[in-house]
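Descriptive analysis of the structure
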Amino acid sequence: MYKLTGLLVAVLIITITSYSQNIFLTGTIKDTTEKKPVKNAVVALLTPKDSILYKFARTDAAGNFSIKNIRPGNYVLMTTHPLYADFLDSINVTDAETKLGTVAVINKSKLLEEVIIKTGSPIKIKGDTIVYTADSFKVRQGANVEELLKKLPGIQVDKNGKITAMGEQVTKVLVDGEEFFGDDPGIATKNLRADAVDKVEVFDKKSDQATFTGIDDGTKNKTINLKLKDAAKHGFFGKAELAGGLKDNYNNTAMINAFENKRKIAAYGIMSNTGQTNLDWNDAQNYGGGPGDGMEMGISDDGGMYMSYSGGGDDGYWGGRNGIPKNWNGGLHYSNKYDNHKQSINSGYKFSKVNALGGTNVYSNTFLPDTSWFNNSNNQNFSSKIKHAFNVAYEINIDSLNSLKWTAKAGNNTSKTSSKYYSEAIDNKTNFINNSNRRSTNEADNNSVSTSLLWKHKFKKLYRTLSVNTDFGWNESKNDGYQYSLTNFYTGGTLTRKDTVDQQNIRNNNTQSISSRFAYTEPLFKDAFMELSYAISYNHNSNERIVNAKDNNGNYENLSDTLSNSFKFGRLINKPGVTFRLNKKKYSYSVGTSVAFNQFTQKDITKNKNYNYNFVNFFPAASFNYKMKSNKNLRVYYNGSANAPTLEQLQPTKDNTDPLNIYKGNPNLKQSFSHNAQISYNFYNVLDEKNLWSGINFNTTKNAFVQYSFIDSLGRRNYQTVNTNGNYYASIYGNYGFKLKKPGIRLGFGPNINVNQNIDFVNGIRNINKTNSYGISLNVGKWKENKYNFSINPRFSINHSTASVNKSANADYWSFNLYSDGSITLPGKIELNTTLSFEARQKDPRFARNNNYTKWDAVIQKKFKNDRFRAELGMMDILDQNRGYNRSFSSYNFSETYYNTLRRYWMLNLVWNFSKNGKPASGF
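Residues numbered from 1 in each chain as written. Predicted model: local features only at pLDDT ≥ 70, side-chain atom pairs only at ≥ 80, totals over all residues. Heavy atoms only, no water.

**Thoughts on the pattern of salt bridges**
Applying the stated criterion across every chain, the model contains 26 salt bridges. The closest approach of N and O atoms between Arg903 and Asp877, which form a salt bridge, is 3.8 Å. Of this pair, Arg903 sits in the loop between strand E49 (893–899) and strand E50 (905–916) while Asp877 sits in the loop between strand E47 (869–876) and strand E48 (884–890); the two residues are 26 residues apart in sequence, bridging distant segments of the chain. Judged by relative accessible area, Arg903 falls into the partly exposed class, the value being 37%. Look at Asp877 and you get buried, because its relative accessible area is 1%. By sharing partners, the salt bridges in this structure join Arg507, Arg545, Glu648 and Asp655 into a single network. (Salt bridge = Lys/Arg side-chain N within 4 Å of Asp/Glu carboxyl O. Helix = DSSP H or I, 4+ residues; strand = E, 2+ residues; numbered from the N terminus. Buried < 20%, exposed > 50% of the residue type's maximum accessible area, 1.4 Å probe, protein only.)

In structure tokens form, the structure reads like this:
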């Protein structure tokens, strides 16, 4: 102790008498458990090369500290206190004042429950959260967050921007723990720059109520949180891009972020016709869609109703089946915390307009128990969609025991669509079975409002809590469409029948819902807790379908009684529940159940009939979490959930929108019940830089909703939804990564196995359809700062599909995908960037084409003015091989789909990166 005191005094004297600088460092030390300030903690700066003490200070009664007269540079920050674990992290001191904010330290009594932060570790595991240090994974200059995510072990980003983490789809991307422009993942990943991010956190986000009580309610969303660098939290930064090319291609974007501590203001705008709208995949799928918006164009891969213009296509991204769009979209975001963080607000507004001209060709085989035939179709369509979306969240800590959170979302979505569709069915002798020409238009107006209020109360007794959550929702959809179709039927190649449909389709849907949930938690004994809950909800839905045929005067005024209907549907659910939870240092588990008493009432207003349904469902849930070490974690999770049939599935009225595929509801449907189980094991070795992400998922459904189809000799299908058992899904994923330190190359590989069984019925025969995929992926990457970086990600899989209805529908084939990117820095601040995507699959003799292709893009850029300005010349799809293609096997159908894509083009980009009060623009 005397030696240490003497050393500190000596250093202090040397520091005082040294050359004085005006730079100083401030911050606050707080306890992570009790959220209280830590008094008399030593905060020291060490030189990173030799860990020599440079300067130090002690915290005051409020936990605050200040270190003055610091030379600019990199340091190791260390905090010490007899009751708390040491904290170490690397920092960079550049400005006149560097504010660290709050530094959280761990009480030694809780040490085994947390991970000590170690300097230089690219990955950390903190409980159920995996933390990546962003700067440890190098990307090209000016890259967005999406490119950064592709470099992170355990995370995959597909060609459509969909993110998968540890084998599960990511549904939320937060910025500093808060929503950014609502809950659209794509806004943050595609518009925020990677070098503004300090940490990337991956975790299962619980509901607000479960987070507060500590009792798992089964609601989880795989979430990524982007923690920004301190420099990005002060002042503003952004980017403006002006891009144009031959053949009138353009892609103009701008985004500005003005951040100051907890206040965030952001705005973005985009104009593009290159197929990139920067919408996230969920938004793209739902854009312009709504009840009644569909079932007017085409058939799906399994012969069902399919509409290529609704929702942006199956690939979930504009530029796929919905054609190549022209788009205009933008948004505003504001969030802030004030009154000493007692109050916070988070709000956003987004506008989108997309015009898309698309074309789709489908070639398929239909296999029945005793016959088969070929189906070909062509769909040319146009859509124009406009969307407004608004969200706001306000939270207030009323006092130390009470808090209130209010959230609201509202949206308006209008669309106009039109299509021309042709299909034909041909037998093995090349004779027509049927052919059909259809034209359709539709105008849709969809509106929605949802709001939620959560009150949380803590009693004076520790862990005793009460929370009440109330939700309200309203949705309205109005559709007005016209359809003309002429369908010819043949026998032995001879025309025997013609059917004509010329009608107006009006669909109106209105839904209101209100629900409340009460949760009370009580500590039973040490580390053991109980939650009692009760939820009540009511949902009211009205659905009106009006079909008018054309009269002799050319007006659509003849009401079709057999195709029109009006239904009202009410659902009252009472759901009490109980959960027990035990938390220990190394393990925790919870077990519980709830019981739902369902009362459904369906009123057929058209036929003056009532249908009543009563269901009782149990919702068991259990979880087990075991921390073998601070960097090793095993998790087991199970829950059961019920799913009620929709109004469309229940109402017994025919829908002839597609004359070759006529659907009729089934009022005898029962609820389905799904069992979901997950096992995951993760570890990361800091010193050796080794990691393993692995898991098994399983799902099986009782009384699953499946299709019962009857297909006649003319190729017409009548079908409805029925219940059956036997459906299941299982998957195994894994990724093992390590670094070859001498060459500095990071490697990763792992399996991905998916097993599916789906049941349906074809002409009275129970059809068992199995689709299995066995794949392995490899990741290779290396970077050398200011010189080069590259990554190669190949994946090989074997696919096996069988259908019991007819063995001719079986298929076995391999597929190979490779994605690679890289950059090299040349003299004169010139940089060459390139990406390559290659897809290959085994040729099937039942289809003429071989659909292997390579998409290769390259960009050369020159930087100016301290890297603030950049000129880029790029060529997309250099080999002119890009194509829209999808192969699918489902039920009794084998199909290949081709759709419009953007082919080879040049683009000249002028980019301006700007910032103030943080690092220079080139730094983030």
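From this point, things continue past the structure.
**Things to note about a nonpolar patch on the surface**
Among the surface-exposed residues, Tyr587, Tyr589, Phe624, Val636, Ile679, Ile696 and Ile732 lie close enough to one another that they form a single nonpolar patch of about 550 Å² accessible area. Here Ile732 is to be found in strand E40 (residues 727–740). (Patch = residues over 30% accessible without salt bridge, like charges linked within 9 Å, V, L, I, M, F, W, Y side chains within 5 Å. Areas by Shrake-Rupley, 256 points an atom, 1.4 Å probe, with all protein chains shown as cover.)

**Let's talk about the environment of Val805**
On the secondary structure map, Val805 appears in the loop between strand E43 (788–803) and strand E44 (811–826). The exposure class of Val805 is buried, given its relative accessible area of 7%. Taking C-alpha positions, Val805 is 6.4 Å from Leu368, a pair spaced 437 residues apart along the chain. With residues near it in sequence (within four places) discarded, Val805 still touches Phe367, Leu368, Pro369, Val762, Asn767 and Tyr892. (Contact = heavy atoms within 4.5 Å.)

**Some words on the sheet that holds strand E10 (residues 155–157)**
Across the sheet, 3 strands lie side by side as E10-E11-E12; this open sheet has antiparallel pairing. Looking at which strands have only one partner, the edges of the open sheet turn out to be E10 and strand E12 (168–169). Bridge analysis of E10 against strand E11 (residues 163–165) gives 3 bridges, and the strand direction is antiparallel. Its bridge partner being in E11, Gln156 is matched across the sheet by Thr164. (Pairing = 2+ DSSP bridges.)

**Side note on the environment of Pro751**
Tracing the sequence through the fold places Pro751 in strand E41 (residues 745–762). Considered as a pair, Pro751 and Phe796 are 45 residues apart in the sequence and their alpha carbons are 9.7 Å apart. Here Pro751 is in contact with Ile732, Tyr733, Gly734, Gly775 and Ile776, once residues within four sequence places are set aside.

**What to know about the nonpolar core**
Counting 38 residues, the largest nonpolar core has Tyr132, Leu149, Ile155, Phe180, Val200, Ile224 and Leu226 as the members making the most contacts within it. Among residues more than four places away in sequence, those in contact with Phe180 are Val175, Ile187, Ala188, Leu192, Met255, Asn257, Phe259, Ala266 and His333. Core analysis: the second largest hydrophobic core is formed by 21 residues, Ala41, Phe87, Val93 and Val103 among them. (Core = buried A, V, L, I, M, F, W, Y, C linked by side-chain atoms within 4.5 Å.)

**Digging into the pairing of strand E34 (residues 654–658)**
It is a general feature of regular strands that their side chains alternate between the two faces of the sheet. Across the 5 residues of E34, 4 count as buried, placing the element largely inside the fold. Relative to strand E35 (residues 661–664), E34 is paired through 3 bridges, and the arrangement is antiparallel. Residue pairing across strands places Asp655 opposite Tyr663, the latter belonging to E35. Hairpin connection from E34 to E35: 2 residues lie between these consecutive antiparallel strands.

**Thoughts on the sheet that holds strand E7 (residues 97–105)**
Paired through their backbone hydrogen bonds, the strands of a sheet run either parallel or antiparallel. Strand order in this open sheet of 3 strands is E4-E1-E7, and the pairing throughout is mixed. Edge positions in the open sheet fall to strand E4 (64–67) and E7, since each of these has one partner strand only. Averaged over all pairs of adjacent strands, the angle between strand axes in this sheet comes to 20 degrees, irrespective of strand direction. The pairing of strand E1 (residues 24–31) with E7 spans 7 bridges and is classified as parallel. Bridged to Phe24 within E7 is Glu97. (Axes fitted to C-alpha atoms, helices over the stretch in contact; angles between N-to-C directions.)

**So, the packing of aromatic side chains**
Throughout the structure, instances matching the rule amount to 24 aromatic pairs. An aromatic cluster is built from Phe236, Phe869, Trp912 and Phe914, whose rings are joined through pairwise contacts. Across from the ring centre of Phe489, 5.1 Å away, lies the NZ or CZ of Arg716, which sits over that ring. Directly above the ring of Tyr719 sits Arg717, whose terminal nitrogen or CZ lies 3.8 Å from the centroid. (Phe/Tyr/Trp six-rings, centres within 6.5 Å; stacked < 30°, edge-to-face > 60°. Lys NZ or Arg CZ within 6 Å of the ring centre and 35° of its normal.)

Interpretation in functional terms is not warranted from these geometric data alone.
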